[in-house]
Amino acid sequence: MTTTTTTGSPLLATAPGRAGLRQGILSEWTKLRSVRSTWIALLVIVVAGIGLSALISNVEAGRWGTLGAADRAQFDPVRFSQAGEFISQFVVGVLGALIVTSEYANGAIRTTLATLPRRTTVLAAKAVVIGAVIFVVSEVTAFASFFVGQAVLTAHGGKTLPEGSTTLTQVKSSFIPVATFSSTGAARAVFFCGIYLTLLALVAFGFGLILRHTAGAISLFVGVLLVIPLIIQILPSSISDSIEKFLPSNLGLAMIVVTTRKTDFAGVLLSPWAAAMTLAVYTVVIVAVGGWLLARRDA
Amino acid sequence: MIEAVGLSKSYGKTKAVDDLSFEVRAGLVTGFLGPNGSGKSTTMRMILGLDHPDAGTVTLGGRRYHDLHWPLREVGALLEAKAVHPGRSARLHLWSLAQTNAIPKNRVDEVLDLVGLASVAERRVGKFSLGMSQRLGIASALLGDPGVLLFDEPINGLDPEGILWVRNLLKSLAGEGRTIFVSSHLMSEMAQTATELVVIGRGTLIADTTVDDFISSNTVATTLVRSPDAGRLAGVLTSIGATVSVADDGALVVTGSTTERIGEAAHAAGIRLHELSPQQASLEEVFMDLTADAVDFHGTSGATVPR
């Protein structure tokens, strides 16, 4: 018969402190890094980001010769480099939902809530870990994609814009514009691409908390990003015009485009900062509702 | 020590637990017995603060679970063996639990050794058999070296060797002064593992007693008697105040008397006996009788064959 030996350092229940956020974060990070799907998903974000940046920049640079002056004015070298965002938004959505719904799927959520009885601590730990991981990977990807995209444009004969100029002002430019971080809005757009993905991951996390079901949370997330915009478009433009700019996908676009595209987007997009703040408010509300339900409901 | 007072919990219109009060003392193995669906798991979840009771309280050493500063160091629980991400290794699963309560890493290896999973520590949990998963669940319960341990149906899926191992583990844990509360729907298993019993049916308390008392107070002493002259013997036994019924094979089932008195009476009347044996109702029968009204889903006995 095996005996239960106690540890060399006794695990005193009366030790100072309590199981809190720090312990929760360490545990959530261990859980996240110890499943293969996390690494596959993060790899998809990096590959999609850099790969699509190279691909789209290449395609758009190839079309330069066929573009008229108006189209050339809207040539957005930053936006093209962030094209991978379209795919990555769904990947971060899945990761954000799974950090909570996977535990509901197999019942491990009960273990989690028993190890950390304060549910707000569990909520915060999961949000911090998924938010931080997505933020770091998305930002690294966004910046790497930016440089790859500009390198592709340069290879097509693109030239760096004069310092401080916006891409929009290059109406008469005869060369393919290449952005640097001193180009107006470029650094903001790239940084906001990572912010956009991080906020989306937290939105999906909130959906996961509310629905407690992987397929449900991901369906809702995809619905919000893809289906609702389609429905809104069917509405009369008098209604849709005032709603469209507040859709998460358009908030993301507003955060990432550099050209103001007055002709295309007049009144359609919010300013980048207003868009970021709006999306942040959505995120806080959704996660707060999820957290309230987590604290209130039986596990 | 675990103390439940007036615990009640409904899910919609279903009353899962109804005004349940009991005490689980330290240093003993207390069995938590009830048919499937009788509210055992709900009670376990309320002890751990996972489900909120509609009424009543449950405390551990006088404190609610929610108020424990380092819960894993005070209470270990095995609720569902398969409640683990299948893609995670056993070691990292335990390590992620240990981190929540600042439990040192070497303790993970200790409990892996203790439950005999050290050799498969790096293997993904999804590949584990149910028996291995139960062992992993027990390891996670022991992680914080807690004074209170809750096990919900810990022998499910274990082979006979594993069952014996759990039984001895529970006894030795209790011997170390810990409070052990272990649920099962199998009376026979509890009789071999537990000394104390909390029996529930349909969410209400049926008995809170020791295993021995539970058996003796719920069984009627009966004696099986065989005789070539059964008919005459039945008359004699009735005359000394015993109650006699006849079994299918012609043996007499006697209650309200002892083997000694039956033997003496037969001898006095000159009746030969071929068998005289005291009968003990099996624990399973006692349990079945006691909870018969408290089982939610009765099976039908035998299918009706259309003629």
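All figures in this text were calculated on a predicted structure; none of them were measured in a lab.

Scoring rules and cut-offs
- Residues numbered from 1 in each chain as written.
- Chains lettered and ligands numbered in written order.
- Predicted model: local features only at pLDDT ≥ 70, side-chain atom pairs only at ≥ 80, totals over all residues.
- Contact = placed C-beta atoms within 7 Å.
- Helix = DSSP H or I, 4+ residues; strand = E, 2+ residues; numbered from the N terminus.
- Nonpolar A, V, L, I, M, F, W, Y, C, P; charged D, E, K, R; others polar.
- Pairing = 2+ DSSP bridges.
- Axes fitted to C-alpha atoms, helices over the stretch in contact; angles between N-to-C directions.
- Parallel < 35°, antiparallel > 145°, perpendicular 65-115°, else oblique.
- Buried ≥ 20, exposed ≤ 12 C-beta atoms within 10 Å, placed from the backbone.
- Core = buried A, V, L, I, M, F, W, Y, C linked by C-beta atoms within 7 Å.
- Right-handed = clockwise from strand over helix to strand, strands pointing away.
- pLDDT = per-residue confidence, 0-100.

Right, let's talk about the interface of chain A and chain B for a bit. Residue-level contacts link 37 residues of chain A with 44 residues of chain B. Contributing elements (two or more residues each) for the side of chain A that touches chain B: helix 1 (21-33), helix 2 (36-63), helix 5 (85-106) and helix 6 (108-115) of chain A. Looking at side-chain class alone, the side of chain A that touches chain B contains 14 nonpolar, 18 polar and five charged residues.

Time to look at the sheet that holds strand 11 (residues 243-246) of chain B. Residues and elements named next belong to chain B. Across the sheet, four strands lie side by side as 11-12-10-13; this open sheet has antiparallel pairing. Both edges of this open sheet fall to strand 11 and strand 13 (275-279), since each of them pairs with a single strand only. Neighbouring strand axes in the sheet, compared pairwise and without regard to direction, differ in orientation by 25° on average. As judged from the four bridges shared by strand 11 and strand 12 (residues 252-255), these two strands associate in the antiparallel manner. Considered in strand 12, the bridge of S245 is made with V253.

Note on sheets: strands pair through backbone hydrogen bonds, and any given pair is parallel or antiparallel. All names here are of chain B. Pairing is antiparallel in the open sheet, where three strands are placed in the order 2-1-4. Each having just a single partner strand, strand 2 (14-24) and strand 4 (55-60) make up the two edges of the open sheet. In this sheet, neighbouring strand axes are inclined to one another by 20° on average, regardless of whether the strands run parallel or antiparallel. Where strand 1 (residues 2-11) meets strand 2, seven bridges bridge the pair, whose relative direction is antiparallel. Looking at strand 2, one finds that A4 is bridged to F22. On the sheet, helix 1 (residues 40-47) packs against strand 1, strand 2 and strand 4 and is oriented at approximately 120° with respect to strand 1.

So, about the packing of helix 8 (residues 186-211) of chain A against helix 11 (residues 248-256) of chain A. All names here are of chain A. With their axes 8 Å apart at the nearest point, helix 8 and helix 11 run at an angle of 155° to one another. Taken together, the axis directions place helix 8 and helix 11 in an arrangement best described as roughly antiparallel. Residues A189, F192, C193, I195 and Y196 of helix 8 form the contact with helix 11, whose own contacting residues are G252, M255 and I256. Across the contact of helix 8 with helix 11, the residue classes break down as seven nonpolar, one polar and no charged.

This part is about helix 11 of chain A. All names here are of chain A. Among the nine residues in helix 11, eight count as buried, and that is most of the element. Buried within helix 11 are the following residues: P248, N250, L251, G252, L253, A254, M255 and I256. Looking at the buried side of helix 11, the elements it contacts are helix 4 (77-81), helix 5, helix 8, helix 9 (214-234), helix 10 (237-244) and helix 13 (272-296).

With that out of the way, let us pick up the nonpolar core. Among the nonpolar cores identified, the biggest contains 160 residues, and A:A97, A:A201, A:F205, A:F221, B:L94 and B:A139 are the most heavily contacted of them. The element best represented in this core is helix 8 of chain A, accounting for 19 residues. Within the second largest apolar cluster, nine residues are counted, among which are B:V225, B:A242, B:V254 and B:A266.

Here the focus is the pairing of strand 7 (residues 179-184) of chain B. Residues and elements named next belong to chain B. Among the six residues of strand 7, six are classified as buried, and the element is accordingly described as predominantly covered. Residues T179, F181 and S183 point to one face of strand 7 and I180, V182 and S184 to the other, with burial holding for every one of them. One ladder, built from five bridges, connects strand 3 (residues 29-33) with strand 7; its direction is parallel. Pairing of T30 across the sheet is with F181, part of strand 7. Here strand 6 (residues 148-152) runs beside strand 7; their pairing, made up of five bridges, is parallel. Pairing of L149 across the sheet is with I180, part of strand 7. Taking the sense of rotation as the criterion, the β-α-β connection linking strand 6, helix 6 (residues 160-175) and strand 7 turns out right-handed.

Residue and element names in this part refer to chain B. Per-residue pLDDT for chain B has a mean of 90; in total, 94% of the residues score no lower than 70. Segment residues 301-307 is flagged for pLDDT under 50; beyond a separation of four residues in sequence, or across chains, it makes zero contacts in the model. Under the prediction, the complex receives an ipTM of 0.89, its pTM being 0.87.

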